Amino acid sequence: MDSGRESVISRTMRICVFCSSSNAIEASYFREARLLGREIARRGHTLIYGGGDIGTMGALARAVKDGGGKVVGVIPAALNALPGVGYQGADEIIVTDTLRERKTIMEENADAFIALPGGLGTLEELLEIITLKQLRYHAKPIVVLNTEGYYDPLFSLLQHAVVGNFIKPETVGLVHVAVSVSDALDYIESYLPEPATLRGCFQTGVALE
Ligand code: AMP
């Protein structure tokens, strides 16, 4: 047993999910979001997400609540003020001034991240959380739940960037590509962070590399 690595197995976690605000996407994406929400609740985890009641965001949050789980929504005031956009059934709603502040709160308060299929907002959130991990600002698990192979083109692009030496091969390995909800949650629950030195606010004054 490696005493330097803390096991997170069976620990109740705060899971941040990035997902779509679109109501116009295929039903299969909503099914997967509801499945994920139910399973987050069944396993006793808390959902942290963008606070929306639209698209798979709303479906996910309602499924967590229907399953008896806890939901924390983090939403900028400007979006929350739009009719029907904010999910009012959350256990906690954190209203921020800006989109960036919202992302920071989600990032700092989550133990793990899952990206479901999504648009620009989701892609931006996912790529930022990978970038932060690559730079060792955090060492938390990141999962892409690849419903219907939605993210295959993104991973082709990342591979293209690896071939061109824009991205190190090991960086792509910082993300687990899950084929199912149980695969995603099993990975997060059994994740053992590398005892790597962290940068920024987590630890300062230590030389890296
Ligand atoms: P998108 O993938 O472009 O649909 O954006 C969804 C992601 O961006 C979510 O993970 C949210 O954090 C954020 N987001 C975008 N639009 C909204 C909205 N109307 N209400 C709340 N969050 C949103």
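Structure shown above.
Residues numbered from 1 in each chain as written. Predicted model: local features only at pLDDT ≥ 70, side-chain atom pairs only at ≥ 80, totals over all residues. Heavy atoms only, no water.

Novice: Would you mind going over a nonpolar patch on the surface with me for this structure?
Specialist: On the surface, a cluster of nonpolar side chains totalling about 260 Å² of accessible area is made up of Leu79, Leu82 and Leu99. As for its position among the elements, leucine 79 is in helix α3 (residues 77-80). Assessed through its relative accessible area of 31%, leucine 79 is described here as partly exposed. (Patch = residues over 30% accessible without salt bridge, like charges linked within 9 Å, V, L, I, M, F, W, Y side chains within 5 Å. Areas by Shrake-Rupley, 256 points an atom, 1.4 Å probe, with all protein chains shown as cover. Salt bridge = Lys/Arg side-chain N within 4 Å of Asp/Glu carboxyl O. Helix = DSSP H or I, 4+ residues; strand = E, 2+ residues; numbered from the N terminus. Buried < 20%, exposed > 50% of the residue type's maximum accessible area, 1.4 Å probe, protein only.)

Novice: Mind showing me how you'd approach the packing of aromatic side chains here?
Specialist: The description of two aromatic rings rests on the distance between their centres and on the angle between their planes. Scanning the entire structure with this criterion turns up four aromatic pairs. An angle of 90° between the planes, with centres 5.0 Å apart, marks the rings of tyrosine 150 and tyrosine 151 as edge-to-face. The exposure class of tyrosine 150 is partly exposed, given its relative accessible area of 33%. Note on tyrosine 151: relative accessible area 1%, which makes it buried. Geometrically, the ring pair formed by tyrosine 187 and tyrosine 191 is tilted, given 5.8 Å between the ring centres and 55° between the ring planes. According to the relative accessible area criterion, tyrosine 191 is buried, its value standing at 12%. Grouping aromatic residues by their ring pairs yields a cluster made of Tyr29, Tyr150 and Tyr151. (Phe/Tyr/Trp six-rings, centres within 6.5 Å; stacked < 30°, edge-to-face > 60°.)

Novice: Sorry if this is basic, but what is going on with the pattern of salt bridges here?
Specialist: Any two side chains of opposite charge can pair if their charged atoms end up close together. For the structure shown, the criterion picks out nine salt bridges. In this structure, the salt-bridge partner of arginine 14 is aspartate 111, at a minimum N-O distance of 3.0 Å. Pair noted here: arginine 14 is in strand β1 (residues 14-18) and aspartate 111 is in the loop between α4 (99-109) and β5 (112-115), with a separation of 97 residues, a long-range link. The class of aspartate 111 is buried, set by a relative accessible area of 14%. Put simply, aspartate 186 and arginine 43 hold a salt bridge, and the shortest N to O gap is 2.8 Å. Of this pair, aspartate 186 sits in helix α8 (residues 181-189) while arginine 43 sits in the loop between α1 (27-42) and β2 (46-49), placing them 143 residues apart in sequence.

Novice: Is there a simple way to explain the packing of α4 against helix α5 (residues 120-134) in this structure?
Specialist: Working note: a packed helix pair is described by the angle between its axes plus the distance between those axes. One can describe the packing of α4 onto α5 by two numbers: an axis separation of 12 Å at closest approach and a directional angle of 55°. The angle between α4 and α5 falls in the class oblique. Between α4 and α5 lies a crossing of right-handed hand. Where α4 approaches α5, its residues Arg102, Lys103, Met106 and Glu107 are matched on the opposing element by Glu124, Glu125, Glu128, Ile129 and Leu132. Partitioning the contact of α4 with α5 into residue classes produces three nonpolar, no polar and six charged. (Axes fitted to C-alpha atoms, helices over the stretch in contact; angles between N-to-C directions. Parallel < 35°, antiparallel > 145°, perpendicular 65-115°, else oblique. Left-handed = near helix turned anticlockwise from the far one by under 90°. Contact = heavy atoms within 4.5 Å. Nonpolar A, V, L, I, M, F, W, Y, C, P; charged D, E, K, R; others polar.)

Novice: Would you explain the site of the ligand in this entry?
Specialist: Lining the immediate surroundings of the ligand are 16 residues, of which Ser21, Gly119, Gly121, Thr122 and Glu125 lie closest. In the environment of the ligand, an oxygen atom lies 2.7 Å from a nitrogen or oxygen atom belonging to the backbone of glycine 119. A distance of 2.6 Å is found between an oxygen atom of the ligand and a side-chain nitrogen or oxygen belonging to threonine 122. About the coverage of the ligand: the protein hides 86% of its 480 Å² of free accessible area. Top contributing element to the shell around the ligand by residue count: α5, with four residues. For the shell around the ligand, the per-class residue count stands at seven nonpolar, seven polar and two charged. (Near = heavy atom within 4 Å. Polar contact = N/O pair within 3.5 Å; in protein donor to acceptor, adjacent residues only side chain to side chain.)

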